[in-house]
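Per-entry structural report
One-letter residues, chain by chain:
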Amino acid sequence: MSQTPSLAQSILTGLAGRCPRCRAGHLFSGFLSVRKQCEACGLDYSFADAGDGPAIFVILIAGFIVVGAALIVEVVYQPPFWVHAALWGPLILLVTLAPLRLLKGLLIVLQYHHKAAEGRLERKSER
Ligand SMILES: [Zn+2]
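Residues numbered from 1 in each chain as written. Predicted model: local features only at pLDDT ≥ 70, side-chain atom pairs only at ≥ 80, totals over all residues. Heavy atoms only, no water.

A look at the coordination of the zinc ion
- Looking at the metal site, the zinc ion is ligated by C19 (SG), C22 (SG), C38 (SG) and C41 (SG), spaced 2.2 to 2.3 Å from it.
- One way to put it: the four donor atoms around the zinc ion meet at angles of 106 to 114°, and that makes the site tetrahedral.
- Binding-site remark: the zinc ion is held by donors from one chain whose sequence spacing is C-x2-C-x15-C-x2-C. Placement of the pair is C22 in the loop between helix 1 (7–16) and helix 2 (53–77) and C38 in the loop between helix 1 and helix 2, with a sequence separation of 16 residues.
- Taking relative accessible area as the criterion, C22 reaches 15% and is therefore assigned buried.
- By relative accessible area, which is 1% here, C38 ends up buried. (Donors = N, O, S within 2.8 Å, 3.2 Å for Na, K, Ca; no water. Tetrahedral: all angles 85-135°; square planar, octahedral: opposite > 155°, others 65-115°. Helix = DSSP H or I, 4+ residues; strand = E, 2+ residues; numbered from the N terminus. Buried < 20%, exposed > 50% of the residue type's maximum accessible area, 1.4 Å probe, protein only.)

Describing the packing of helix 1 against helix 3 (residues 81–113)
- Look at helix 1 against helix 3: their axes get within 7 Å of each other, and the N-to-C directions meet at 140°. Relative to helix 3, the element helix 1 lies oblique. Crossing hand, helix 1 versus helix 3: right-handed. Contact with helix 1, carried on its side by L7, S10, I11, T13, G14 and L15, involves L102, G105, L106, V109, L110 and H113 of helix 3 and no other residues of that element.
- Partitioned by chemical class, the residues of the contact of helix 1 with helix 3 number seven nonpolar, five polar and no charged. (Axes fitted to C-alpha atoms, helices over the stretch in contact; angles between N-to-C directions. Parallel < 35°, antiparallel > 145°, perpendicular 65-115°, else oblique. Left-handed = near helix turned anticlockwise from the far one by under 90°. Contact = heavy atoms within 4.5 Å. Nonpolar A, V, L, I, M, F, W, Y, C, P; charged D, E, K, R; others polar.)

Points about the nonpolar core
- Listed in full, the 11 residues of the largest apolar core are C19, C22, L27, F28, C38, L43, Y45, A48, A50, I108 and V109.
- Aside from chain neighbours lying at most four places away, what touches Y45 is C19, P20, H26, L27, V34, R35, K36, Q37 and C38.
- Membership of the second largest hydrophobic core comes to six residues, among which are A62, V73, W88 and V95. (Core = buried A, V, L, I, M, F, W, Y, C linked by side-chain atoms within 4.5 Å.)

A short note on helix 3
- Taking 1.5 Å per residue, 33 residues should reach 48 Å; helix 3 reaches 47 Å between its end C-alpha atoms and fits that length.
- Its axis deflected by about 35° at L100, helix 3 carries its strongest bend there.
- Positive backbone phi, at 50°, marks K115, one or two positions downstream of helix 3. (Expected span 1.5 Å × (residues − 1). Bend = angle between axes of the 7 residues up to and from the residue.)

Here we look at the side chain of T13
- With respect to the helices and strands, the residue T13 is situated in helix 1.
- For T13, a relative accessible area of 7% corresponds to the buried category.
- Contacts of T13, omitting those with residues within four sequence positions, involve R18, C19, P20, R23 and V109.

Details of the environment of L91
- Counting through the fold element by element, L91 comes out in helix 3.
- Here L91 falls in the partly exposed class, since its relative accessible area comes to 21%.
- In the structure, L91 is positioned 21 residues away from A70 in sequence and 10 Å away in space, judged by C-alpha atoms.

Listed below in structure tokens is the structure:
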């Protein structure tokens, strides 16, 4: 796999939770735990640091969906509060947990694709 994948290929690789270099190995060992390295090509995943990125996207997307739906239901139907609790509890779990792994894989693969890393100070002796 010497050819650099396109951005679209990298996005699909990230959503599938696959290795950003070989696209064959798995990125995750658990639900959100990143493996130490790729089992297929040996790529060291120590560079992978999505940080709070996936959570921020999930918060924004889920908040828009759940709050929007709750407002619409309240304005249109004005149900009792127990209906809100019964509706939005499961919806919150669905719209927060389901996309979290997808977004984490996507951000890690995009980090690899764009060679993004923390800024480092360069010393004159290292040039
Ligand atoms: Zn790999």
